[in-house]
Amino acid sequence: MNTDKEKLTKRIAIATKQIPADIVIKNGQIIDVFNLEVTTGDLAISDGVFVGIGEFHGKQVIDAKGRYVCPAFIDGHVHIESSMVTPSEFAKVILPHGVTTVVTDPHEIGNVFGKDGVKFMLDDSDHIPLDVFFMLPSCVPATSVENSGAELTAADLEPFYNHNRVLGLAEVMDYPALQNADDSIIDKIVMASSDSKQIDGHLAGLDTNAINVYKSAGIRTDHECHTASDAVERLRRGMYLLIREGSAAKDLPTLIPVVNQNNLRRCLFCTDDKHLDDLVAEGSIDHNVRLAIQHGIEPLSAIQMASLNASECYKLHEKGAIAPGYDADFLLLDDLESITISQVFKSGQLVARNGDYVSDWPTKAKLTQPFKHSVHIPKLSQKDLQIPFRKSGKGNIIEVVPNQLTTNKLIEDVHLEDGSFIPSIEKDQLKIVVVERHQNTGNIGLGVVKGFGLKGGAIATTIAHDSHNIVATGTNDTDILKAIDVVHNLGGGLVIIKSGETVASLTLPIAGLTSDQNYHTVNRDLIKLKQALSALEFAGEFDPFLTLSFLTLPVIPSLKLTDLGLFDVETFQHIQVEI
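Residues numbered from 1 in each chain as written. Predicted model: local features only at pLDDT ≥ 70, side-chain atom pairs only at ≥ 80, totals over all residues. Heavy atoms only, no water.

1. A closer look at the packing of helix α11 (residues 285–294) against helix α12 (residues 299–306)
No. 1: Direction vectors running N to C along α11 and α12 enclose 150°, while the axes themselves pass 9 Å from each other. Accordingly, the angle class assigned to the pair α11 and α12 is roughly antiparallel. The crossing of α11 and α12 is right-handed. Of the residues in α12, those touching α11 at Ile-285, Val-289, Ala-292 and Ile-293 are Pro-299, Ala-302, Ile-303 and Ala-306. (Axes fitted to C-alpha atoms, helices over the stretch in contact; angles between N-to-C directions. Helix = DSSP H or I, 4+ residues; strand = E, 2+ residues; numbered from the N terminus. Parallel < 35°, antiparallel > 145°, perpendicular 65-115°, else oblique. Left-handed = near helix turned anticlockwise from the far one by under 90°. Contact = heavy atoms within 4.5 Å.)

2. Here's the deal with the UniProt feature "domain: Amidohydrolase-related" (unreviewed entry) in the protein
No. 1: Mapped onto the present numbering, the UniProt feature "domain: Amidohydrolase-related" (unreviewed entry) falls on residues 68–351.
No. 2: Within residues 68–351, the helical portion is 35% and the strand portion 20%, while the C-alpha atoms at the span's ends are 17 Å from each other. (UniProt positions renumbered as here; feature names shortened; annotations may be inferred.)

3. Some words on helix α3 (residues 107–124)
No. 1: With 18 residues, α3 extends just 15 Å between its outermost C-alpha atoms, more than 12% less than the 26 Å of an ideal straight helix rising 1.5 Å per residue.
No. 2: Within α3, the axis deviates most sharply at Phe-113, by approximately 140°.
No. 3: For α3, the tally of buried residues reaches 13 of 18 residues, placing the bulk of the element in the interior. (Expected span 1.5 Å × (residues − 1). Bend = angle between axes of the 7 residues up to and from the residue. Buried < 20%, exposed > 50% of the residue type's maximum accessible area, 1.4 Å probe, protein only.)

4. What about unusual backbone geometry?
No. 1: Cis geometry is adopted by the peptide bond preceding Pro-141, which originates at Val-140 and carries an omega value of 0°.
No. 2: Cis geometry is adopted by the peptide bond preceding Ser-558, which originates at Pro-557 and carries an omega value of 10°.
No. 3: The topology assignment puts Ser-558 in the loop between α16 (544–550) and β30 (559–562).
No. 4: Located in the positive-phi region is Lys-17, a residue other than glycine, with phi close to 65°.
No. 5: Here Lys-17 is to be found in the loop between α1 (3–15) and β1 (21–26).
No. 6: Here Ala-511, not a glycine, exhibits a phi torsion of approximately 65°, which is positive.
No. 7: Tracing the sequence through the fold places Ala-511 in the loop between β29 (501–507) and α15 (519–531).

Encoded structure:
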């Protein structure tokens, strides 16, 4: 008898009470996400799958002690690389927060190492106590207006669709290419559609006609809503609404009022990009659930959004509920208001208790060296950073919008010295620099940014969405150059410079995006790095490194900077800094 037949025969025998279950959960209040009610009964588990609700005997008994038995949470869209740890370490971070399944897009490392980067993410997430499903990067590079380290064509992606954890095509962010029906994106969409795969959208700042275009192309989701009206229009056109609460983009309070009993089943949660320290301190999807409840969503509805809705959106039909035939991925909750998680179970096995990871899953092997050499730039001088003004004293300026990925486009008078822009602390006008770091081209993009509020020094990082070149900003060229040099010598990472000295740094040797250390070490170093921002008198209520990393993303309005220069997203063209 083959294994599948044996398992099915055993499940039926347990469901019909001919033999005892592997595990029985007793004395629990069962959260029914189908009817949004709480029921009682024993829960029988066979080989990691629920097989019955009623009265059962089992070889092992889990006493829920009156706690709520809740389906585990699912993150509908996440870039694991943004946590700055490997997938196997990421699992240890989010499992204590009740997340046992994620849908990830590895386009961050894909932009650096292409197919090899995607394969690494698949390999490192294999056989860990977290189900990591993949949407394949649709836009590597993200656009044609910048340079990344790799390119992924439809032919490059095709073999990955044979992998059992690949669900479809990730966020289609190059709207001009889609609108013009360019072969580069159409071939990828046709391939995913012909294989009945899912396709995610990315409609940042786009109008309702763009939603028509996306939906007509078979694209079913969007996580880039920033206003309630954006959310309503997507729901009206049959899209799934992914409500994001990450480190940089905090959209949930704005979008959650849109959710009602009529459209609830089309809404789910995601984190998208969330730094490690925020995941450890604040949580993952559990934080979204708590925040939704605080904003008036009924607890069972919020739980449904975090479980069943996400599973159905991505056709994960064996996940998202406490019912026969569903994977035994569940939480024991102390209450339904604070969503206090007592224990987390994956396939019926305990993996976290009271906020601590307790699984004895084997540690993944260390990475091979090729992933640790990704920063290649020429020697730079202050002359390379000059922004000349020949006609006027007015410039196009990127204005940061705190806790949003969008920016404002300003026109302001700037301070000049010898015909070139000089940063002004008084006007909060800093210099921003993007240096191409993959092919050693020497490309340097220069601009002016407002909103960081730094009083001295500079910061730099190799995390610069989505092409991940070096990006730096600061109050003077000397410190900016030093920051770029230090992050180059680190082989990737984040750095704070003041008066020519390194105040703090975090090394990210894997593709310049990820650490090869355990998450405890990375979290400790990241906290120290952010505390060190006080040396630059940073006082903003946002993450300056995360904000800086998105100022290079030329698919989200309004004004961004690439290695080819200042880019107006609304007109989709490079523009001069000087007016």
